[in-house]
Amino acid sequence: MRGIPRRRAGVIAALGAATLLGLTACAGSDAGAPAEPELQLSDEPVTLSFIWWGNDTRHEITQNLIAQFEEENPNITIEPIYTDWAGYWDKLSTSIAGGDTPDIIQMDEKQLSTYAANGVLADLAGYSSILGTEDFPSAVLGTGALDGTQYGVPVGINSYTIIANKDLLAQYGVDVPDDEDWTWDDFVDTALEVSKASGGATVGTQSWGFEDGGLNNWLRQRGSSLFSTDGKVAATEEDLTSWWEFLLEATSAGATPDPSATLERETAGLAESFTATNQSAFGPWWSNQVQALRAASGQDLVALRVPTLDDAEDGSAYYKPSMFWSASASTEHPAEVATFLNWLANSEDAADLLLAERGVPANEKIREYITPKLDDVSKSVVKFLDDLAPIVGDAPPATPPGGGAIETIIDQHTQAVLFGQETPEDAAAAFIEELQQALDDAAI
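Okay, so let's go over this structure. (Residues numbered from 1 in each chain as written. Predicted model: local features only at pLDDT ≥ 70, side-chain atom pairs only at ≥ 80, totals over all residues. Heavy atoms only, no water.)

### Observations regarding the layout of surface pockets
At step 1: Space inside the second largest pocket adds up to approximately 720 Å³.
At step 2: Residue lining of the second largest pocket: 35 residues in total, with Ala145, Leu146, Pro397, Ala398 and Thr399 positioned closest to the centre.
At step 3: Among the elements of the structure, helix H4 (109–117), strand E4 (145–146), helix H8 (212–220) and strand E12 (320–321) are those that each provide at least two residues to the lining of the second largest pocket.
At step 4: A total of five residues in the lining of the second largest pocket trace back to one element, the largest contributor, which is H4. (1 Å grid on protein atoms, 1.4 Å probe; cavity = no way out; pocket = protein on both sides within 12 Å on 5 of 7 lines; lining within 4 Å. Points joined across faces, edges and corners; volume = space filled by probe spheres on them. Helix = DSSP H or I, 4+ residues; strand = E, 2+ residues; numbered from the N terminus.)

### Notes on the nonpolar core
At step 1: Leu92, Met107, Leu121, Tyr127 and Leu341 are the most contacted members of the largest nonpolar core, which has 73 residues in total.
At step 2: In contact with Leu92, other than residues within four places in its own chain, are Ile51, Pro102, Ile105, Met107 and Tyr115.
At step 3: In this structure, Ile162, Val174, Ile409 and Ala438 belong to the second largest nonpolar core, which totals 49 residues. (Core = buried A, V, L, I, M, F, W, Y, C linked by side-chain atoms within 4.5 Å. Buried < 20%, exposed > 50% of the residue type's maximum accessible area, 1.4 Å probe, protein only. Contact = heavy atoms within 4.5 Å.)

### As for the packing of aromatic side chains
At step 1: Per the stated rule, a full pass over the model turns up 25 aromatic pairs.
At step 2: Measuring from centroid to centroid gives 6.1 Å for Trp244 and Phe431, while their planes differ by 75 degrees, and the two rings are edge-to-face. Taken together, the positions of Trp244 in helix H9 (residues 237–253) and Phe431 in helix H17 (residues 424–443) put the pair 187 residues apart, joining distant regions of the chain.
At step 3: Pairwise contacts between aromatic rings join Phe50, Trp52, Phe69, Tyr82, Trp325, Phe340 and Trp343 into one cluster.
At step 4: Of note, Arg265 hangs over the ring of Phe274, and the distance from its end group to the ring centre comes to 4.7 Å.
At step 5: Sitting over the face of the ring of Trp286, Lys320 holds its NZ or CZ atom 5.4 Å from the ring centroid. (Phe/Tyr/Trp six-rings, centres within 6.5 Å; stacked < 30°, edge-to-face > 60°. Lys NZ or Arg CZ within 6 Å of the ring centre and 35° of its normal.)

### Quick word on empty space enclosed by the protein
At step 1: Inspection of the entire model under this criterion finds five cavities of 30 Å³ or more.
At step 2: Around the largest cavity sit 19 residues that line it, and Val155, Leu344, Leu354, Pro361 and Ile366 are the ones nearest its centre.
At step 3: For the lining of the largest cavity, the elements supplying multiple residues, two or more each, are helix H12 (334–346), helix H13 (348–354) and helix H14 (364–370).
At step 4: Classifying every residue of the lining of the largest cavity by side-chain character gives 14 nonpolar, four polar and one charged.
At step 5: The calculated volume of the second largest cavity comes to roughly 70 Å³.
At step 6: Lining the second largest cavity are Tyr160, Ile162, Trp184, Trp208, Gly214, Trp218, Trp243, Pro284 and Val306.
At step 7: Of all the secondary structure elements, the ones that give two or more residues to the lining of the second largest cavity are strand E8 (160–165) and H8. (Nonpolar A, V, L, I, M, F, W, Y, C, P; charged D, E, K, R; others polar.)

### Re the packing of H9 against helix H16 (residues 406–418)
At step 1: Interhelical geometry of H9 versus H16 gives an angle of 45 degrees and a closest axis separation of 10 Å. Considering the angle they form, H9 stands oblique to H16. Seen along the crossing, H9 lies across H16 with a hand that is right-handed. Facing H9, whose interface residues are Trp243, Trp244, Leu247, Leu248 and Thr251, H16 presents Ile410, His413, Thr414, Val417 and Leu418.
At step 2: Looking at the contact of H9 with H16, its residues break down into seven nonpolar, three polar and no charged. (Axes fitted to C-alpha atoms, helices over the stretch in contact; angles between N-to-C directions. Parallel < 35°, antiparallel > 145°, perpendicular 65-115°, else oblique. Left-handed = near helix turned anticlockwise from the far one by under 90°.)

The following block contains the structure:
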């Protein structure tokens, strides 16, 4: 769950970026081209530009990263470019349109294919003489690859969760569920216990349905996915209808807030959410949000596995990269870019500064190195992700170009369903039509 302004603005900006990219960049990529020869560092001073999104904490950490790297590599200067999520994609697309693509780009999974398909991102195979990826599991590394071409190095790993407030559960005499075998019905039943025990003072769980993380799990448990490997919408009307029907049933029963309260809190963002303000016992969140939620709530919040169907498909859980390090295909200094990327991905000095701010490290060697240095909350997230490993399946098919529209589309139809403006069946049909249209438009 994230605040609607951030989500809408980011997706809408990304759609604008995709359109702009189609007009300004060369279509397609040279995925079939042979690897570049071994890179050579320049004898002259080199300046690289590095763009990222984030909050003030991330900006400070990244500035410290840059300072440390420059101290170790005095011939290379890193020029920082940063903004919050809402303004990021407009800033990046404006730079690209002006012929000034940043050398190093913090990239999101939903936008990777769009930028790669438009020739913006470098094939990192050409960086392999400097950039090492041997400590990244193939399934995780593969999330940054399209058709066998590596366009991004995963920074951190993440998984969708149900966050439980142990203090609230104890207050109302409700046991923490056993998340190794709980079902969706168990989840709603437990949420209802909280709502009833509190006399309505505390809601059982926040609503879901405003982003694709939970939907991906729902579909994977049915042996399906959001997208097919050939870049089409794979979700069926039947599966989507069941998802919205289940949300309506939970809302009608009183397990979730009424729709107007849900929308008000969604709009306000993480800090004002039911979870962060201790007004719900459960909530759907990504694992890398546990730290921020605990800091805001001041209570004992823990990550639980996503509930499953009784007959759920194996491997429905999955790891999602928090973000990627990518490089500009037009950089004039590939060796220096590769040096910086290698330092970010593999250096213990970088890890000491990053810790888990951008997610639990995807690099297994770095994760092992950094875990003893993490605080107890971050250690608990590492343990959660490690314990999840035996049931994690293959990564979902990559979000195809144009797929960044999905969260706006989900958001609109979930609101319409909750407020009775659409039936789940109508929402499912419209969702598929609109998302496929966004993919088709991006392919033109």
